[in-house]
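Structural description and commentary
Each chain, letter by letter, is given below.
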Amino acid sequence: MKKYFYLIWITFLMLYSRGQAQEIFIPRLSPLPDNMERQQVSLNGQWLFHASPEKDFWRKERISGWETIEVPGEWVMQGFNVEKGKAAGYYRTFTVPESWKGKRVKLRCNGIYSDSRVYINGQEAGSHLGGFTAFELDVTALVEYGEENWMAVSVTSESLADSTSNGSRYAVHPLGGIARDLYLFALPEVNLAMFHTSTSFDTLYTDAVLTTEIAIANESESEAGNLSLHFTLTDAEGNQVPLKSPVHSLRKLLPGLTEKQTVNFDIPRPVKWDSEHPYLYTLTCRLKDGQDVLYTTTRRVGFRQIEIRGNQMFINNRPVKLRGVCRHEVMPLRGRSLNGDIWKKDVELFQRGNVNYIRTSHYPPDEALLEACDELGMFVEVEAPFCWAHETEVPEEKREIVLVNQHVEMVNLNRSHPSVIMWSMGNEPDTEHFPESAYDYWHSLYELTHSLDPADRPVTFVCCQNNYERDLVTRTMDVVCVNRYYGWYNLSGDLDAACYALNMELDFWEKQNKPVMITEYGADAVAG
């Protein structure tokens, strides 16, 4: 079957060890239609589960003798034990509405930890490596309409993605499972494959430009010849904001092709978004064929601009001081798999503690957190799922899917959120022992991350306790982020020496003339 898994590719100079050009694919994540409740089949709920399923279990139309498990959720937190390195099996049935016939059926998986393979009606739909980033599969050719279908998922907790993120090690238990929402949704055959927004201000920070990036896909077998995009912007009170040229005509689109468009709108004197004034507009985009509306989707827009000038960060031309926390996705009875409105409650709790900044240590969060931060007003540093990654040897043929693709997926999903003000490429890699090769690798990802984000957010990574004078990477980041445990990890029990060493290091980073953030600081320790 033809899988519509990847949408767009860009060529970028990835240094690695050979300095050769690599093709970087941006996986498709369709913008969700505004009538999602009528175009969605949730796959959350009770599934059948086996910790050691028989080979090719996914071929069976009927399963017996398995136990039930809640999705989303981790299997360990529900009392299941899966042998290390072995694949567990999930199974359930579902029905696709008859009314979806003639449409494209997409499967969205917001997070399966950490190596998964999906089957529909005994046929493979696709696979994914990485437990903290969303992915999408086109399953149109695999489903039956108006009848019972079955889905099976093979999930391995331990993988290269688990090793490079150290997710299970950090949580002190295997994180395996379908940990985030899973659902089917339907789109017209001619649809929007991408819809992102970004904003920028003029030199007076008065008037703004709203930039939209749209990809139109023709997944039908016929030419689409009378397409147009229609935009509407409304403010937080529901009032329509006038747009110059709100209609954008498209050229003919042949079957199987995707066309990318960038449309800019001048917005006079918009209300600005920041953590204390989280003012949100709503941009609606309608794809029409003649007079017929094929597809309607929306984005919430916060007008804000981020800049680094010397050793300060500016939001909308105002210097900001970040008072932050490192946040894990965690609930006592559910582990890393959250539900309900816990994301909003977390943000509200942090705000009561005078916090204005969240670092999503050490992986991208469920998008529900960023939606809450957009709405309530919280700055966010989204961190890629890499922690102590230097401890894992990644084969050359796996480097792109393990080390690059998860960065791409992180930025592609989250770059339209105004709350996101910085990308972190990972936590505590070794930049000391092989400084030149570390620089080559991390700086290539630094440049890639900037190229994926038209808003040009600052990019950083968080360095560990090391010989900072040998570290060639941290000093080249947009913001210097350091985790320090003086008096604990080193100079243990000698607090005077620890204070002196910390002050000496901070003097060193101050000379780099960049913003400095202490992203972790351990409690001073006394021997015994």
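Cut-offs used in this document
- Every chain begins its residue count from 1, and numbering advances along the sequence as written.
- Residue-level local features of this predicted model are given only where pLDDT is at least 70; pairs of side-chain atoms are given and counted only at 80 or more, and the full residue set underlies all totals for whole chains, interfaces and linings.
- Side-chain metrics rest on all non-hydrogen atoms present in the structure, leaving aside hydrogens and water.
- For Phe, Tyr and Trp, where Trp contributes only its six-membered ring, two rings pair if their centres lie within 6.5 Å, and the inter-plane angle classes them as stacked under 30 degrees, edge-to-face over 60, or tilted in between.
- Residue burial is assigned from relative accessible area. The probe radius is 1.4 Å, only protein chains are included, and a residue is buried under 20% of its type maximum, exposed over 50%, and partly exposed in between.
- Each helix corresponds to a stretch of at least 4 residues labelled H or I by DSSP, and each strand to a stretch of at least 2 residues labelled E; elements are numbered beginning at the N terminus.
- Placement of a positive charge over a ring is assigned whenever Lys NZ or Arg CZ falls within 6 Å of the ring centre and within 35 degrees of the normal to the ring plane.
- Here, any two strands with at least 2 DSSP bridges between them count as paired.
- Of all possible arcs, the one meant is that of the directions from the helix axis to the C-beta atoms.

Applying the stated criterion across every chain, the model contains 23 aromatic pairs. Ring geometry for F201 versus Y205: centroids 6.4 Å apart, planes at 35 degrees, classification tilted. For the pair formed by F201 and Y205, the shared burial category is buried. Note on F231 and F265: the rings are 5.1 Å apart at their centroids and 65 degrees apart in plane angle, and the pair reads as edge-to-face. Of this pair, F231 sits in strand β17 (residues 227–234) while F265 is found in strand β20 (residues 258–267), placing the two residues 34 residues apart along the sequence. Both residues of the pair, F231 and F265, belong to the buried class. The ring centre of F314 lies 4.1 Å from the NZ or CZ of R309, which sits over that ring.

Before going further, it helps to spend a moment on the pairing of β20. By the alternation rule, side chains of β20 split into E259, Q261, V263, F265 and I267, which are all buried, and T258, K260, T262, N264 and D266, of which none is buried. Bridging between strand β16 (residues 208–218) and β20 involves 10 bridges; their strand directions are antiparallel. Bridge pairing in β20 links I214 to Q261.

A few words on helix α3 (residues 342–352). Along α3, the residues that are buried comprise I342, W343, D346, V347 and F350. Take α3 and look down its axis: the buried residues cluster within an arc of 140 degrees, on one side only. Once α3 ends, the next one or two residues include N354, with phi positive near 70 degrees.

This next bit is on the sheet that holds strand β25 (residues 318–319). As summarised here, the arrangement of the three strands in space is β23-β24-β25, forming an open sheet in which the pairing is antiparallel. Sheet topology places β23 (306–309) and β25 at the edges, where each strand pairs with a single neighbour. Sheet topology places β23 next to strand β24 (residues 312–315); four bridges connect them, and they run antiparallel. Its bridge partner lying in β24, E307 is registered against F314.

Further remarks concern the pairing of strand β4 (residues 45–50). Sheet topology note: the β4/strand β5 (residues 67–71) ladder contains five bridges and is antiparallel. Bridged to W47 within β5 is I69. Inspection of the sheet shows β4 paired to strand β6 (residues 87–95) by three bridges, in the antiparallel sense. The residue of β6 that forms the bridge with H50 is G89.

This brings us to unusual backbone geometry. A cis amide bond links Y113 to the next residue, S114, at an omega of -5 degrees. With respect to the helices and strands, the residue S114 is situated in the loop between β8 (112–113) and β9 (115–120). Despite not being glycine, R269 shows a phi value in the positive range, around 50 degrees. Inspection of the secondary structure puts R269 in the loop between β20 and β21 (281–289). Even without being a glycine, D456 presents a positive backbone phi close to 55 degrees. Mapped onto the elements of the fold, D456 is located in the loop between α6 (435–452) and β30 (459–463).

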